Amino acid sequence: MSDENTIKTDYIIIGSGVSGLYCALNLPKESNILMITKDSFENSDSFLAQGGICVLVDEADYDGYFQDTMNAGHGENNPDTVEIMIRSSRRLIDDLIQYGVEFARNNGELMYTKEGAHGRPRILFHEDITGQEITSKLLAAVSKLENVKMLDYTTMTDLLMEDNVCKGIVAKSKSGHVYSIYAKDTILATGGIGGLYEHSTNFRHLTGDSIELAKKHHIETEHLDYVQIHPTTLYSTESGRRFLISESVRGEGAVLLDKHMNRFCDELQPRDVVTGEIRKQMEKDGTKFVWLDMSPVPTETILKHFPNIYKHCMECGYDVTKQPIPVVPAQHYFMGGIKVNTYSKTTANHLYAVGETACNGVHGKNRLASNSLLESMIFARRAAYDIQGIELDVTSGVL
């Protein structure tokens, strides 16, 4: 630090979700890394992910997994990044287990669950707080690194650009102090845009900051209209973030009912299709919600697999083992973002974007359930490797 208004570091990572954390863990241990986040380090959308994380179960599953991802994305996915994600998935899971992540097991073997638009169970999970389990373990690992400095309640306000080269960022602390932070490489990991919506499952402080700065500095963005609405959030008249009812609930057998308590759609279609069915039914019934009935799911499964959903609904006056709950679609995920290549490089030099703020084409027009955590970390690692000049080959297993 040359003066109180200037910070110099090797790498700056903006954001505290799984993409930012995993990127930090894959950068050189001898480098100086600064991580900043707009809120607390625990308040990232990665912590909120319920359902799980996809993985290639075996080689026989490849074609099915690839096609499920492409079908959900309406064929607008980038097949190269889809292949990279799927082929890299098993190594990533092994790495997460090394960091202490505990996935559900049966007699020592990993358990798989199924969600909408998946042709078979291929989703690993930890109860219904998979995101919290993964993110907390990665955050603990980063917190132990002596070469990483972490600043919370610090907001990026601009990029330091010079002839299409990113030199770092401008940031403001909670007290209002403004810093110029210079770095060899800058990694944007600022999450989605849910804070711009009245009804969203996202934290309110996620307002697409990186997207706006990219537009300001003429850095390419892509598919900014590709916004995913999650079909099932708990209906509430209160303001604030909407509570997600995981798609895994429907994967385990829960059904959607109209106001007459009749089932009205196939609950395991892609999210945008189910959302459309719910909206049509709400319009037909003249209601503000539909019902989700979890009674087809064994009570033991509900209590073991979905304890937090069960607890939250009980606090709201609903016993999901005995009665349906009101659900409504809400903004959930952003498939567009800052355009990046297969190494998460933006169209500006020395600037990378990872996670939900980036668009590498994996998700196409509609994300397949439980691909988000997977995609975020795999392409965050690719960014870290590219920064170091490590050659990557999709066929080598070094991804």
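For clarity, every value in this text was computed on a predicted model and none was experimentally measured. (Residues numbered from 1 in each chain as written. Predicted model: local features only at pLDDT ≥ 70, side-chain atom pairs only at ≥ 80, totals over all residues. Heavy atoms only, no water.)

Asks: Account for the nonpolar core, naming residues and giving values.
Replies: Core analysis: the largest hydrophobic core is formed by 57 residues, its most contacted members being Met35, Ile53, Leu96, Phe103, Ile134, Leu138 and Met377. Here the element with the most residues in this core is helix 10 (residues 372–388); it accounts for nine residues. Excluding residues that lie within four positions of it along the chain, isoleucine 134 makes contacts with Val18, Ile53, Leu96, Val101, Phe103, Leu373 and Met377. Within the second largest apolar cluster, 25 residues are counted, among which are Ile36, Ala183, Ala214 and Ile219. (Core = buried A, V, L, I, M, F, W, Y, C linked by side-chain atoms within 4.5 Å. Buried < 20%, exposed > 50% of the residue type's maximum accessible area, 1.4 Å probe, protein only. Helix = DSSP H or I, 4+ residues; strand = E, 2+ residues; numbered from the N terminus. Contact = heavy atoms within 4.5 Å.)

Asks: I'd like a rundown of the sheet that holds strand 14 (residues 290–293), residues and numbers included.
Replies: The strand order across the open sheet built from four strands is 12-15-14-13, with neighbouring strands paired in antiparallel fashion. At either end of the open sheet lies a strand with only one pairing partner, and these are strand 12 (227–234) and strand 13 (255–257). Direction aside, neighbouring strands of the sheet carry axes that sit 45° apart on average. (Pairing = 2+ DSSP bridges. Axes fitted to C-alpha atoms, helices over the stretch in contact; angles between N-to-C directions.)

Asks: Before we move on, could you go through the environment of alanine 353 and cite the residues and values that matter?
Replies: Among the structural elements, alanine 353 can be located in strand 17 (residues 351–353). Since its relative accessible area comes to 0%, alanine 353 is described here as buried. On a C-alpha basis, the gap between alanine 353 and asparagine 341 in space is 9.7 Å, while along the polypeptide they are twelve residues apart. Those residues in contact with alanine 353 that sit more than four places away from it in its chain are Leu188, Ile338, Val340, Ser344, Thr346 and Ala358.

Asks: Describe the sheet that holds strand 16 (residues 337–339), listing the residues and the values that go with them.
Replies: In spatial order, the strands read 11-16-18; together these three strands make up an open sheet with mixed pairing. Each edge of the open sheet is held by one strand with a lone partner, namely strand 11 (221–222) and strand 18 (358–359). In this structure, strand 16 lies alongside strand 18, joined through two bridges in parallel fashion. Bridging across to strand 18, lysine 339 finds its partner in cysteine 359. The strands touched by helix 5 (residues 209–216) are strand 11 and strand 16; relative to strand 16, the strand with the most contacts, the crossing angle is about 45°.

Asks: Give me the lowdown on the side chain of arginine 367, citing residues and values where you can.
Replies: Note that arginine 367 resides in the loop between strand 18 and helix 10. Despite its burial, arginine 367 remains without a salt bridge, the nearest opposite charge being carried by glutamate 115 at 6.7 Å. Among the polar contacts made by the side chain of arginine 367, one reaches the side chain of histidine 332 at a distance of 3.5 Å. Within the structure, arginine 367 has its side chain in polar contact with the side chain of serine 372 (distance 3.4 Å). Not counting chain neighbours up to four residues away, the residues in contact with arginine 367 comprise Gln228, Arg271, His332, Tyr333, Met335 and Ser372. (Lys, Arg positive; Asp, Glu negative; His and termini not counted. Salt bridge = Lys/Arg side-chain N within 4 Å of Asp/Glu carboxyl O. Polar contact = N/O pair within 3.5 Å; in protein donor to acceptor, adjacent residues only side chain to side chain.)

Asks: Lay out the environment of aspartate 158 in plain terms, naming residues and giving numbers.
Replies: Within the secondary structure, aspartate 158 is located in strand 8 (residues 154–162). Between the C-alpha atom of aspartate 158 and that of glycine 116, which follows or precedes it by 42 residues, the distance is 39 Å. When near neighbours in sequence (up to four residues on either side) are disregarded, aspartate 158 contacts Ile169, Val170, Leu213, Lys216 and His217. A polar contact of 2.9 Å, which involves the side chain of aspartate 158, links it to the side chain of lysine 216. In terms of polar contacts, aspartate 158 uses its side chain to reach the side chain of histidine 217, at 2.7 Å.

Asks: Quick one: what's the story with helix 5, residue by residue and with numbers?
Replies: Along helix 5, the residues classified as buried are Asp209, Ser210, Ile211, Leu213 and Ala214. Its buried side turned inward, helix 5 meets strand 8, strand 10 (178–188), strand 11, strand 15 (325–334) and strand 16. Just downstream of helix 5, histidine 218 is the residue with a positive phi angle, here 60°.

Asks: Now, about the side chain of serine 246: what can you tell me, with residues and values included?
Replies: One can find serine 246 in the loop between strand 12 and helix 6 (247–251). Residue serine 246 is classed as buried on the basis of its relative accessible area of 2%. Not counting residues within four places of it along the chain, the set of residues in contact with serine 246 comprises Gln50, Gly51, Glu115 and Ile309.

Asks: Provide a residue-level description of the pattern of salt bridges, including the pertinent values.
Replies: Applying the stated criterion across every chain, the model contains 17 salt bridges. Aspartate 58 is the salt-bridge partner of arginine 120, the closest N and O atoms lying 3.8 Å from each other. Here the residue arginine 120 occupies a position in the loop between strand 5 (109–110) and strand 6 (123–124), and aspartate 58 occupies one in the loop between strand 3 (53–54) and helix 2 (62–72), the gap between them amounting to 62 residues. Note on arginine 120: relative accessible area 29%, which makes it partly exposed. Residues aspartate 319 and lysine 322 are paired through a salt bridge, measuring 4.0 Å at the closest nitrogen-oxygen approach. Residue class for lysine 322 comes out exposed when judged on its relative accessible area of 70%.

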